Amino acid sequence: MASSISNDLYLSNLQKKEHQTGSNILGKDDFMKILMTQLQNQDPSSPMEDKEFISQMATFSSLEQMTNMSSSFDKFIAQQYDNLFIQQSSLIGKNVTYLQETQDESGAVKTESKESKVKAVLFENGEAKFQLADGNIIGSNSITKVSNEDVQASK
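Fair warning: this is a prediction, and the values are worked out from it, not measured in the lab.

A. Structural detail: the pairing of strand β3 (residues 127-132). Burial along β3 is one-sided: Ala-128, Phe-130 and Leu-132 are buried, and none of Glu-127, Lys-129 and Gln-131, which face the opposite way, are. The pairing of strand β2 (residues 109-124) with β3 spans six bridges and is antiparallel. What sits directly across from Phe-123, in β3, is Ala-128. Hairpin connection between β2 and β3: a loop of two residues separates the two successive antiparallel strands, and Asn-125 in this loop has a positive phi of roughly 50°. Examined bridge by bridge, β3 and strand β4 (residues 137-139) share three bridges and lie antiparallel to one another. Pairing of Gln-131 across the sheet is with Ile-137, part of β4. Hairpin remark: β3 followed by β4, antiparallel, with four residues in the connecting loop; positive phi at Gly-135, about 95°.

Here you go:
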């Protein structure tokens, strides 16, 4: 009886699998593990120089401070978005004059001034948008005037 080798076992037929071993970024935990491993495996007859140890501890301290600062900065940015949203919500119920670009039949772009009351404030992709009574949604950069006057009374 002749034995045969399965075609699945040939190297050319095997699927290559990619292996990934974590991220490329060293965090403070990774740095601390490396430092502890260094200390545990150093040669007792020639321990790590004080200068090297101080340098590594300073690097670790800097890394920890930068990580904390990054976290604090992320919290600060989130708080600024919240403040902006709350500040913009004060325009609800106010009348705004805004610029809107439109195209005429010939394709020419015209900018016209319109007035409407702010019905709601939306927050999308880090930007405040205003939903108006006339159905339009505009950004704050389109607003040219804010007033308590009734839109009908000003015309």
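B. The arrangement of the nonpolar core in detail. Core analysis: the biggest nonpolar cluster contains 10 residues, these being Leu-91, Val-96, Tyr-98, Val-118, Val-121, Ala-128, Phe-130, Leu-132, Ile-138 and Ile-143. Among the elements of the structure, β1 (95-103), β2 and β3 are those that each provide at least two residues to this core. Considering each element in turn, this core owes the most residues, three residues, to β3. With sequence-adjacent residues up to four places away left out, Phe-130 is seen in contact with Gln-88, Leu-91, Val-118, Ala-120, Val-121, Asn-136, Ile-137, Ile-138, Gly-139, Ser-140 and Ile-143.

C. Highlighting the sheet that holds β4. If you walk across this open sheet you meet the five strands as β4-β3-β2-β1-β5, and the pairing is antiparallel. A strand with exactly one partner marks an edge of an open sheet, and here the two such strands are β4 and β5 (143-147). Pairwise comparison of adjacent strand axes, ignoring direction, gives a mean angle of 50° for this sheet.

Analysis parameters
- Residues numbered from 1 in each chain as written.
- Predicted model: local features only at pLDDT ≥ 70, side-chain atom pairs only at ≥ 80, totals over all residues.
- Heavy atoms only, no water.
- Buried < 20%, exposed > 50% of the residue type's maximum accessible area, 1.4 Å probe, protein only.
- Helix = DSSP H or I, 4+ residues; strand = E, 2+ residues; numbered from the N terminus.
- Pairing = 2+ DSSP bridges.
- Core = buried A, V, L, I, M, F, W, Y, C linked by side-chain atoms within 4.5 Å.
- Contact = heavy atoms within 4.5 Å.
- Axes fitted to C-alpha atoms, helices over the stretch in contact; angles between N-to-C directions.

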